[in-house]
Amino acid sequence: MAAADYDVLILGAGSGGYACALRAAQLGLTVGLVEKAKLGGTCLHVGCIPTKALLHAAEVADSARSAEQFGVRASLDGIDMTGVHAYKDGVVKRLFSGLTGLVKGRGITVIQGEGRLTAPHEVTVDGRAYTGRSVVLATGSYPRSLPGLELDGERVLSSEHALELDRVPSSVVVLGGGVIGCEFASVWRSFGAEVTIVEALPRLVAAEDPASSQALERAFRSRGITVRTGTRFEDVKHTDTGVAVSVEGGDLLEAELMLVAVGRGPVTDGLGYQEQGLAMDRGFVLTDDRCRTNLDGVFAVGDIVPGLQLAHRGFAQGILVAEEIAGLSPAPIDESGIPRVTYSHPEVASVGLDEAAARERYGDDAVTTVTYDLGGNGKSQILRTKGFVKLVSVVDGPVVGIHLVGDRVGELIGEAQLIYGWEGHAEDVSPLVHAHPTQNEALGEAHLVLAGKPLHAHS
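My aim in this report is to walk through the structure given alongside it, one point at a time.

In terms of burial, strand β24 (residues 399–406) is largely enclosed, as eight of its eight residues are buried. Relative to β24, strand β21 (residues 347–352) runs antiparallel, the two sharing six bridges. Within the sheet, the bridge partner assigned to S350 lies in β24 and is H403. If you look at the hairpin formed by strand β23 (residues 388–394) and β24, you'll find four residues sitting between the two strands, and D396 has a positive phi there, around 55°.

Structure (structure tokens):
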């Protein structure tokens with residue numbers, strides 16, 4: 001092709017796009033980064049970061065509410081949403097400032113405006129065409145709704161609306177029991193709202209191991225969150241005081257607000273992808289294991305690629321693509337090895353295969369499991385949290401799945417990922433010395449059980 005404006009031209013500056021830009025620039029490539037809003041995309045501004053800030057504020061509220069059981073005299077006077085938003089927005093602002101400085105310092109050209117793919121190696125922004133020897137599509141996702149269900153931003157909210165809510169609602173119906181729905185349900189309950197989750201599937205966080213789903217549901221019920229699984233939504237109407245939500249079976253659920261958390265869709269419509277001949281399926285861009293599309297020199301990363309819609313997946317894909325373009329031939333990403341965390345109270349975390357998937361892959365007789373209750377873990381007792389570590393292992397072989405439930409167990413997923421990624425056997429992990437008292441000990445104890453030498457495990 002003729003001389004291009006950039007070695008790498010990236011459409012979208014979310015987690016996948018900016019990671020690709022930073023790594024490509026580090027490798028000496030010239031980079032153009034097109035973004036219609038702000039660097040950092042959904043995750044930084046209306047997703048992971050602000051949501052987790054709300055979840056931390058919720059944890060503080062719970063700590064104040066339960067302070068007396070720890071011998072601390074404190075009380076919860078209420079939730080100041082203006083103050084919560086100031087805290088949340090401050091975190092986002094500092095991270096955005098740091099990212100902006102990184103991008104500028106690497107010599108990356110940021111092209112502000114709404115871009116569209118107008119040729120396989122061309123993106124047009126506000127009437128001006130830019131070309132790249134390689135083009136990376138990283139346009140992200142948006143909050144889905146259901147057919148005929150309008151998100152008005154006042155009584156029927158998306159997750160993005162919910163992040164800017166100026167008050168704690170008295171009551172909420174959360175439509176969807178996946179990660180986003182469970183996290184907001186957890187926040188609002190900690191802030192004092194009455195919460196009902198309506199989920200059409202048989203269990204919460206249905207992508208997780210059934211044992212994790214059951215533990216989360218039990219914990220939510222004990223917190224006073226109403227959980228209605230296996231229940232389909234039918235309709236919502238405005239009332240004088242909020243909304244009336246009809247579900248199958250004829251029940252009517254009344255609340256101040258409804259949050260629609262039924263997943264996220266790929267942002268691909270109207271961007272020229274189909275016109276340029278990209279292979280697509282239901283709006284997603286199809287790629288191989290190196291994020292290559294069917295068009296030579298055109299890659300796609302992040303939420304527009306079928307699979308887990310996680311910021312860290314997009315980030316890893318962005319790095320992989322930059323290294324692929326630079327000729328480094330990086331190893332493909334093992335999708336099963338991508339860690340997954342639901343940051344509710346309690347948290348749910350996992351990596352690798354669940355028990356059913358492992359048995360399907362290896363056969364029933366070839367798989368064994370161990371569940372270690374956090375009741376035997378000193379730090380979990382100190383934190384007053386309940387849960388478990390569940391290991392899924394090939395008999396006389398590696399651990400192929402690790403599943404955790406309990407407050408703060410998301411912080412254990414790094415070690416769990418290493419065990420899975422390095423195909424660790426129980427005999428490899430059980431000799432490792434874990435600091436005491438930590439929740440990490442629970443991983444060590446679980447592997448001791450798997451290795452046939454349990455110490456603190458309860459029979």
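Alright, that's what it looks like, and here's the rest.
Time to look at the environment of C43. Looking at the secondary structure, you find C43 in helix α2 (residues 41–46). Judged by relative accessible area, C43 falls into the buried class, the value being 17%. As for C43 and V136, which are separated by 93 residues in sequence, their C-alpha atoms are 18 Å apart.

Turning next to unusual backbone geometry. With an omega dihedral of 5°, the bond running from H345 to P346 counts as a cis peptide bond. Along the chain, H436 connects to P437 via a cis peptide bond; the corresponding omega equals -5°. Note on placement: P437 falls in the loop between α12 (426–429) and α13 (440–450). A positive phi angle is found at D126, which is not glycine, with a value near 50°. By the element assignment, D126 lies in the loop between β5 (122–125) and β6 (128–137). Looking at D126, the relative accessible area reads 63%, which means it is exposed. One non-glycine residue, V205, adopts positive backbone phi at about 30°. As for its position among the elements, V205 is in the loop between β10 (194–199) and α7 (210–222).

How each quantity is defined
Residues numbered from 1 in each chain as written. Predicted model: local features only at pLDDT ≥ 70, side-chain atom pairs only at ≥ 80, totals over all residues. Heavy atoms only, no water. Buried < 20%, exposed > 50% of the residue type's maximum accessible area, 1.4 Å probe, protein only. Helix = DSSP H or I, 4+ residues; strand = E, 2+ residues; numbered from the N terminus. Pairing = 2+ DSSP bridges.

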